[in-house]
Number of protein chains: 2
Amino acid sequence: MKNPYKDLKDVSDVVISTRIRFARNLKEYPFPCRLSEDKKRKVASIIKEAVLEGHSAISDRFKYIQMSELTQEEAVSLVERHLVSPEFISGRQGRGLLLLNDESVSIMINEEDHVRIQVINRGMKLNETYELADKIDTLLDERLDFAFDEKLGYLTQCPTNIGTGMRASLMLHLPALQESGAMGKIAASLSKLGIVIRGLYGENTDPSGAIYQLSNQVTLGITEQEAIKNLHDIAMQLVAQERNTREQLSENINMLDSIYRSYGILSYAKLISNSECMKLLSNVRFGVEMGCFEIDFDTLDRLFIEIQPATLMKNIGKKLTPAERDRIRSELVRTALNTKQIPASRRLENT
Amino acid sequence: MKNPYKDLKDVSDVVISTRIRFARNLKEYPFPCRLSEDKKRKVASIIKEAVLEGHSAISDRFKYIQMSELTQEEAVSLVERHLVSPEFISGRQGRGLLLLNDESVSIMINEEDHVRIQVINRGMKLNETYELADKIDTLLDERLDFAFDEKLGYLTQCPTNIGTGMRASLMLHLPALQESGAMGKIAASLSKLGIVIRGLYGENTDPSGAIYQLSNQVTLGITEQEAIKNLHDIAMQLVAQERNTREQLSENINMLDSIYRSYGILSYAKLISNSECMKLLSNVRFGVEMGCFEIDFDTLDRLFIEIQPATLMKNIGKKLTPAERDRIRSELVRTALNTKQIPASRRLENT
């Protein structure tokens, strides 16, 4: 394998992205679930104004999206791109979204809490991501009166968020640990350390493509820095564990066969479903991690999102039947993997 | 599709090979099933001598193989290469094989009959193949006294061969007809015309890889030329039917998907079983027939044989476990399809 297994600086073979989320609520309003639609709109307009008229450099780079004005595909694509939670698009009246132009920051208004600030970065960037989230929190704090209790900290609708109101998450690619069947045991022992590990799109979703979300659970009686350090340390243990398991699997011919076949299928298929594509892309990423191919992680990680049904349709700009999506998905992947559709003449002179 | 469907001269997209076989018996000996081993050896030596000491140019190019001296792999490989029948290697005592150096002619001694002359050629070459078989028959006839009845013709152990003692066969690739589910009906109607269609390795074998053997059934009351013309005409009808069905399937995205996936898997797999390989190679040949790829039929048709277990081991020169065979089979196919094992850097600059 190409990757030096002792490299603890570049962990992009395991860590896909970092996310920090703050939950905040306005002191003078009940939680969104207790608000009328009118009041929700009022809250939304207060928060929107606080951000867009913040007169800071970053304010100008936000756009405001009224969730009720989106088509279903546009809304679902926001979930697929990890910009909003699945819950956020289930009832869209009175909800708004502030989105930074590069999509690294999204602020959900009237999700479970009045404000959910979310910052995403590629790779393992806990401190950098935290700093930007904190900066935006400060920006809002200057103009809004957040519900805060001296003893408890930030008040949130769900008690599990009270305190820092912060959730730090890392998206991890763990194909070797998944293959070895170790994930159940790992999840159980992590929960004792105040860390939860779950599927790609959050609670109750499948770890499709061997992509997992690792997040802190404890928000009370702990500082943000402590929570982040705890998450970081546990993530680095998982990185080591995943890499060791990869090393053990590196000579496994069945594993390699499945990796190379996945590459072959993605390179030539004319139809491919979303779930098969996730599985095959995961195997190809695994192949890159094992040194079988040279494809940059960026290309692959972008594909994991671009192949999702709603994002596919959003990018194409029209509604598609599932069969049409399967066809276009296969084209998208072939193009990204840079494979010619019709291989050149491969005559063989073995006489 | 590339192939002009009216091209009746080059039918190599459907017809893989032509085979002519003559059954002959020595007048003064009972059929092999009634011979002791000693007598079988006597018969073998008479026939061997007649061929090898024939003082014709072709005599020098034959080698004699005593079947009892072969390893099981060598014997099975002869079947895989279509040089002998599966029955011929089941009991090998007293049996001999005369093989032309380019393997286009094989003479089985003491199969069901004393002599089975077989000539194989690539493509549709009924006349040419018949002429060579006839020439060898004449060569033998000059030195041996064949059992012949003025009324019945050549006498053979099985009544279905009495008369001309000739079986003419064409090996056909019929993926579209197989896919369309038409083969059962075709087989039924052909049997009424004195023609039988069956799997790759003869009676009671599966049509693996969509490869079928089309042969004349009638040997009595019909000349060789009539039998060959009948077979030719029916084969040409099948060629037209197969080509029409291909045209109908040419826009079928599921069919194309399966063809391209097969190519992708063969190009990258690290392990591949015999039966999967047959199926995938058949799909790839289908792809070439449909104009999807450019690979010469020779390469593919040779692979159909070289991937067979015993031939694989014979060519490698040692016994292999099934898992080792699966690995080496995948290498063999990758090399033949000229695919690099590790694709070159495929970084994508889509910023």
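Now for a look at the structure at hand. (Residues numbered from 1 in each chain as written. Chains lettered and ligands numbered in written order. Predicted model: local features only at pLDDT ≥ 70, side-chain atom pairs only at ≥ 80, totals over all residues. Heavy atoms only, no water.)

Comments concerning the overall build of chain A
For the record, the criterion: Secondary structure elements are taken from DSSP: a helix is a run of H or I of four residues or more, a strand is a run of E of two residues or more, and numbering for both begins at the N terminus. Computation of the radius of gyration draws on C-alpha atoms, with the globule rule given as 2.2 Å multiplied by the number of residues to the power 0.38. The buried label applies to any residue whose accessible area, calculated with a 1.4 Å probe on protein chains only, is under 20% of its type's maximum; exposed applies above 50%, and partly exposed to all values in between. Contacts were defined at the residue level, with two residues in contact if any of their heavy atoms lie within 4.5 Å.
Along chain A, the regular secondary structure elements total 11 helices and 10 strands. Expected size for 351 residues packed as a compact globule is a radius of gyration near 20 Å; at 22 Å, chain A falls within 12% of this value. Here the C-alpha coordinates of chain A stretch approximately 85 × 45 × 35 Å along the principal axes. Residues counted as buried form 55% of the 351 residues belonging to chain A. Put simply, of all contacts in chain A between residues at least 6 apart along the chain, 69% involve residues at least 24 apart.

As for the sheet that holds strand S10 (residues 211–216) of chain A
The strands that make up a sheet pair up through hydrogen bonds in the backbone, lying either parallel or antiparallel. Residues and elements named next belong to chain A. Our working definition: At least two bridges found by DSSP between two strands are what make those strands a pair. Throughout, an axis means a line fitted to C-alpha atoms (over the contacting stretch in the case of helices), and angles, computed between N-to-C directions, take values from 0 to 180 degrees.
Pairing within the open sheet is antiparallel, and its 8 strands lie in the order S2-S3-S4-S5-S1-S8-S10-S9. Sheet topology places strand S2 (62–66) and strand S9 (195–198) at the edges, where each strand pairs with a single neighbour. Going across the sheet, the axis of each strand differs from the next one's by a mean of 20°, ignoring polarity.

Points about the state of the cysteines
Residues and elements named next belong to chain B. The cut-off we apply is this: A pair of sulfur atoms, both from cysteines and within 2.5 Å, is called a disulfide here.
Per the stated rule, a full pass over the model turns up 0 disulfides over all chains. Between Cys-33, a cysteine without a disulfide, and Cys-158, which holds the nearest cysteine sulfur, the sulfur-to-sulfur distance is 11 Å. Taking the relative accessible area as the measure of exposure, Cys-33 reaches 54% and is therefore exposed.

Considerations on the pattern of salt bridges
Here is the rule we go by: Put simply, a salt bridge is a Lys or Arg side-chain nitrogen that is within 4 Å of an Asp or Glu carboxyl oxygen.
Scanning the model with the defined rule gives 45 salt bridges over all chains in all. Residue Asp-257 of chain A pairs with Arg-261 of chain A through a salt bridge whose shortest N-O separation is 3.0 Å. With Asp-257 of chain A and Arg-261 of chain A both in helix H7 (residues 253–268) and 4 residues apart, the pair spans about one turn of that helix. Residue Asp-257 of chain A shares its accessibility class with Arg-261 of chain A, and that shared class is buried. Between Arg-122 of chain B and Asp-301 of chain B there is a salt bridge, with the nearest N and O atoms lying 3.1 Å from each other. With a gap of 179 residues between them, Arg-122 of chain B in strand S5 (residues 115–122) and Asp-301 of chain B in helix H9 (residues 297–306) connect regions that are remote in the sequence. On the accessibility criterion, Asp-301 of chain B (5% relative accessible area) is buried.

Structural notes on the nonpolar core
A general trend in soluble globular proteins is that nonpolar side chains are found buried together. Worth spelling out the cut-off: Among buried residues, those of type Ala, Val, Leu, Ile, Met, Phe, Trp, Tyr and Cys that are joined through side-chain atoms within 4.5 Å constitute a nonpolar core.
Residues Leu-266 and Phe-293 of chain A together with Leu-266 and Phe-293 of chain B are the most contacted members of the largest nonpolar core, which totals 68 residues. Contributions of two or more residues to this core are made by H7, helix H8 (274–289), helix H9 (297–306) and helix H11 (322–336) of chain A together with helix H7 (253–268), helix H8 (274–289), H9 and helix H11 (322–336) of chain B.

A word on the sheet that holds strand S8 (residues 166–173) of chain B
Residues and elements named next belong to chain B. Across the sheet, which stays open at both edges, the 8 strands sit in the order S2-S3-S4-S5-S1-S8-S10-S9 with antiparallel pairing between neighbours. Either end of the sheet is taken by a strand with one partner, and the two such strands are strand S2 (62–66) and strand S9 (195–198). Neighbour to neighbour, the strand axes of the sheet diverge by 20° on average, direction disregarded. For strand S1 (residues 15–24) and S8, the ladder comprises 7 bridges, and the chain directions are antiparallel. The residue of S8 that forms the bridge with Arg-19 is Ser-169.

A look at empty space enclosed by the protein
Over the atoms a probe the size of a water molecule is rolled, and this reveals where empty space is left. Residues and elements named next belong to chain A. Heads up, the condition is: Note on definitions: the grid is 1 Å and covers protein atoms alone; a cavity is a set of points where a 1.4 Å probe fits but cannot get out; a pocket is an open set with protein on both sides within 12 Å along at least five of seven lines; lining residues have an atom within 4 Å of a point. Grid points are joined across faces, edges and corners, and a volume is the space filled by probe spheres set on the points. Classes in brief: Ala, Val, Leu, Ile, Met, Phe, Trp, Tyr, Cys and Pro nonpolar; Asp, Glu, Lys and Arg charged; the others, Gly included, polar.
Overall, the coordinates contain 1 cavity of 30 Å³ or more when judged by the stated rule. Its boundaries defined by the atoms lining it, the largest cavity holds a volume of some 40 Å³. Lining the largest cavity are Ser-17, Arg-19, Ile-120, Ser-169, Leu-170, Met-171 and Gln-213. Within the residue set of the lining of the largest cavity, elements represented by two or more residues are strand S1 (15–24) and strand S8 (166–173). Broken down by element, the residue count for the lining of the largest cavity peaks at 3 residues, all from S8. Of the residues belonging to the lining of the largest cavity, the class tally is 3 nonpolar, 3 polar and 1 charged.

A look at the packing of H8 of chain A against H9 of chain A
If you want to describe how two helices pack, look at the angle between their axes and the distance between the axes. Residue and element names in this part refer to chain A. Operational definition: Throughout this description, any angle smaller than 35 degrees is read as roughly parallel, any larger than 145 degrees as roughly antiparallel, any in the 65 to 115 degree range as roughly perpendicular, and the remainder as oblique. When the near helix sits turned anticlockwise from the far one by under a right angle, the crossing is termed left-handed; a clockwise turn instead gives a right-handed crossing.
Interaxial distance between H8 and H9 falls to 10 Å at its minimum, and their mutual angle equals 165°. In terms of orientation, H8 and H9 fall into the roughly antiparallel class. For the element pair H8 and H9, the recorded crossing hand is left-handed. For the pair formed by H8 and H9, the contact residues are Met-278, Leu-281, Ser-282, Val-284, Arg-285, Val-288 and Glu-289 on the first element and Phe-297, Leu-300, Asp-301, Leu-303 and Phe-304 on the second.

Some thoughts on unusual backbone geometry
We note that His-82 of chain A has phi near 65°; this positive angle belongs to a residue other than glycine. Positionally, His-82 of chain A belongs in the loop between helix H2 (72–80) and strand S3 (96–100). We classify His-82 of chain A as buried; its relative accessible area is 12%. Even without being a glycine, Asn-110 of chain B presents a positive backbone phi close to 65°. Mapping Asn-110 of chain B onto the fold places it in the loop between strand S4 (105–109) and S5. On the accessibility criterion, Asn-110 of chain B (0% relative accessible area) is buried.

Things to note about the packing of H7 of chain B against H8 of chain B
All names here are of chain B. H8 packs onto H7 with a crossing angle of 120° between their chain directions and a minimal axis gap of 8 Å. Compared by their axis directions, H7 and H8 come out oblique. The handedness of the crossing between H7 and H8 comes out as left-handed. Contacts between H7 and H8 involve Met-255, Ser-258, Ile-259, Ser-262, Tyr-263, Ile-265 and Leu-266 on the former and, on the latter, Glu-276, Cys-277, Leu-280, Leu-281, Asn-283, Val-284, Phe-286 and Gly-287. Across the contact of H7 with H8, the residue classes break down as 10 nonpolar, 4 polar and 1 charged.

A word on the environment of Ser-85 of chain B
Residues and elements named next belong to chain B. Structurally, Ser-85 can be placed in the loop between helix H2 (72–80) and strand S3 (96–100). In sequence terms Ser-85 and Met-108 are 23 residues apart; their C-alpha atoms lie 8.8 Å from each other. Setting aside residues up to four positions removed in sequence, Ser-85 forms contacts with Val-79, Met-108 and Glu-111.

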